[in-house]
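As a plain string of letters, each chain reads:
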Amino acid sequence: MPFGTKADATPSTAASGAGTASVPGKEQRVTKQRVAVSAALDELDDFVSTQELYRILQNKGVSVSLATAYRILQSLADDGLVDVLRNGEGEAVYRRCAVTGHHHHLLCRNCGKAVEVEAPAVETWAARIATEHGYTEVAHTVEIFGLCPECTALRAAGKL
């Protein structure tokens, strides 16, 4: 399921409220569609593609075009309000994360379940390696893939 690049999350209630979202250097007009997309993301536990989110919104009777959903999700990602990964097909998938600031994900490669993890040892290692090689303004992405406990049990029972 999900793998690839990730943007840091900085959840904000401004994305789902009225008026404009306050992001340093950038103001987003909060429309009905933006509020609906943001609310739908708040209800989901796992990463979702734009197409999947669009279907969820349509099933709820929310009037939003697929193109608008793409633009809103990209805007939320650009503003650091959602995390973005690439799934097995290379499609961007999005998730509102509970952890603010830099973090990583433990992802089930079967069902897509995601667990947010902080990894101080990884942060220390990345900083040390960058310093040793004279790099500055360093960023990194670490995602860990495996089978969640439920999928592991299914595999053990021969159902996966």
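Our subject in this report is the structure included herewith. (Residues numbered from 1 in each chain as written. Predicted model: local features only at pLDDT ≥ 70, side-chain atom pairs only at ≥ 80, totals over all residues. Heavy atoms only, no water.)

Okay, the sheet that holds strand β7 (residues 114-117) next. Each strand in a sheet pairs with another by means of backbone hydrogen bonds, the pair being arranged parallel or else antiparallel. Read across the open sheet, the 3 strands follow the order β7-β6-β8; overall the sheet is mixed. This sheet does not close on itself; its edge strands, each paired only once, are β7 and β8 (143-146). For this sheet, the mean inter-axis angle between neighbouring strands, taken without regard to orientation, is 20 degrees. Bridging between strand β6 (residues 104-108) and β8 involves 4 bridges; their strand directions are parallel. Paired with Cys 108 across the bridge in β8 is Gly 146. (Pairing = 2+ DSSP bridges. Helix = DSSP H or I, 4+ residues; strand = E, 2+ residues; numbered from the N terminus. Axes fitted to C-alpha atoms, helices over the stretch in contact; angles between N-to-C directions.)

Axis separation between helix α1 (residues 32-43) and helix α3 (residues 66-78) bottoms out at 10 Å; the angle between their running directions is 65 degrees. Here α1 lies roughly perpendicular to α3, going by the angle between them. Here the hand of the crossing between α1 and α3 comes out right-handed. On the side of α1, the interface is formed by Gln 33, Arg 34, Val 37 and Leu 41, while α3 contributes Thr 68, Ile 72, Leu 73, Ser 75 and Leu 76. Its residues assigned to classes, the contact of α1 with α3 comprises 5 nonpolar, 3 polar and 1 charged. (Parallel < 35°, antiparallel > 145°, perpendicular 65-115°, else oblique. Left-handed = near helix turned anticlockwise from the far one by under 90°. Contact = heavy atoms within 4.5 Å. Nonpolar A, V, L, I, M, F, W, Y, C, P; charged D, E, K, R; others polar.)

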